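# Coordinate inspection notes
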Amino acid sequence: AGPKETFAFIRFARAIIVTTAMNDPVLGTLVVDPHLSGCFVVSVPFDGRAIELRLDPNGADMEACLILAREVVASLMELESKAAAVAAAHLITEYNQSWRHFSRSQSGRSMDEVTNLELNERELARRLTLVSLLVSLDIDGSMVEFCFGDDGLFAGHSIFVISFD
């Protein structure tokens, strides 16, 4: 057996060890993500509701990923506000020029033209709702991804803001 085979076996053996639920004193009970191999999910309280936090150690040390996730959750109100402001700054022109104008079917027979009010950046940022977070590490650094709901402003599309270290 060469080094690659040994490494593959160790990764597999390590995956078996961490594929159960983990209890974190800050984040709560993290469970294995049923959709993404090697990831864990937990619901964390935010602004009177629960949001999904996904941790993806991506081959890095799980403890380092947990430390970063705890830091993100501890400052989530501030980080969410900054991420929503970034999204609004990038999307405001597109919303005001395109997305606020659309056609809606009336009783399945005719189309009704709709034009919503223009928004400013602050108004757009306030309309975004944080839905989930992803905290990921790899050998190059860390990443935090914020996923926002659009409150119907962009026809139900999710809006992602990604922060790299």
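Look up a bit, the structure's there.
If you're wondering where the values come from, they're calculated on a predicted model, not measured in any experiment. (Residues numbered from 1 in each chain as written. Predicted model: local features only at pLDDT ≥ 70, side-chain atom pairs only at ≥ 80, totals over all residues. Heavy atoms only, no water.)

A few words now on the overall build of the protein chain. Along its length, the protein chain carries four helices and nine strands. When the helices and strands of the protein chain are read in sequence order from the N terminus, they spell out α-β-β-β-β-α-α-β-β-α-β-β-β. The burial tally for the protein chain puts 35% of its 165 residues in the buried class. A separation of at least 24 residues holds for 42% of the contacts in the protein chain among residues at least 6 apart in sequence. Surface exposure of the protein chain reaches about 10400 Å², of which carbon and sulfur atoms provide 56%. (Helix = DSSP H or I, 4+ residues; strand = E, 2+ residues; numbered from the N terminus. Buried < 20%, exposed > 50% of the residue type's maximum accessible area, 1.4 Å probe, protein only. Contact = heavy atoms within 4.5 Å. Areas by Shrake-Rupley, 256 points an atom, 1.4 Å probe, with all protein chains shown as cover.)

Attention now goes to the environment of Asn-116. With respect to the element layout, Asn-116 can be found in the loop between strand E6 (110-115) and helix H4 (121-127). In this structure Asn-116 comes out as partly exposed when scored by relative accessible area, which is 33%. Sequence-wise, Asn-116 and Tyr-95 are 21 residues apart; in three dimensions their C-alpha atoms are separated by 9.9 Å. If near-sequence neighbours (up to four positions away) are discounted, Asn-116 is found in contact with Tyr-95, Arg-100 and Phe-102.

Moving on: the sheet that holds strand E8 (residues 141-149). One open sheet holds the seven strands; their spatial order is E1-E2-E3-E4-E7-E8-E9, and the pairing between them is mixed. On the outer flanks of this sheet lie strand E1 (22-24) and strand E9 (159-164), each paired with one strand and no other. The mean angle between the axes of side-by-side strands here comes to 25°, regardless of whether they run parallel or antiparallel. Here strand E3 (residues 40-46) pairs with strand E4 (residues 49-56) via seven bridges, running antiparallel. Residue pairing across strands places Val-42 opposite Leu-53, the latter belonging to E4. Along the sheet, helix H2 (residues 62-74) contacts E1, strand E2 (28-32), E3, E4, strand E7 (129-138) and E8; its crossing angle with E7, the most-contacted strand, is approximately 150°. Running at roughly 70° to E8, helix H3 (residues 76-99) makes contact with E3, E4, E7, E8 and E9 of the sheet. (Pairing = 2+ DSSP bridges. Axes fitted to C-alpha atoms, helices over the stretch in contact; angles between N-to-C directions.)

Our focus in this paragraph is the packing of aromatic side chains. If you walk through the whole model with that rule in mind, you get two aromatic pairs. Considering the side-chain rings of Tyr-95 and Phe-154, the 5.8 Å spacing of their centres and the 70° angle between planes classify their relative orientation as edge-to-face. Of the two residues, Tyr-95 is situated in helix H3 and Phe-154 in the loop between E8 and E9; the sequence distance between them amounts to 59 residues. By the burial criterion, Tyr-95 is buried, and Phe-154 matches it. Arranged with centres 5.7 Å apart and planes meeting at 65°, the rings of Trp-99 and Phe-154 form a pair that is edge-to-face. Here Trp-99, found in helix H3, pairs with Phe-154, found in the loop between E8 and E9; they are 55 residues apart in sequence, far enough to count as distant. Taking the relative accessible area as the measure of exposure, Trp-99 reaches 30% and is therefore partly exposed. What links up through ring pairs into an aromatic cluster is the set Tyr-95, Trp-99 and Phe-154. (Phe/Tyr/Trp six-rings, centres within 6.5 Å; stacked < 30°, edge-to-face > 60°.)

Below, the discussion takes up the nonpolar core. Counting residues in hydrophobic clusters, the biggest one holds 38 residues, and the most contacted among them are Leu-53, Leu-55, Leu-124, Leu-133, Phe-146 and Phe-148. Those elements giving two or more residues to this core turn out to be E3, E4, H2, H3, H4, E7, E8 and E9. When sequence neighbours within four positions are dropped, the list of residues in contact with Leu-55 reads Leu-27, Leu-30, Gly-38, Cys-39, Phe-40, Met-62, Cys-65, Leu-66, Ala-69 and Val-135. (Core = buried A, V, L, I, M, F, W, Y, C linked by side-chain atoms within 4.5 Å.)

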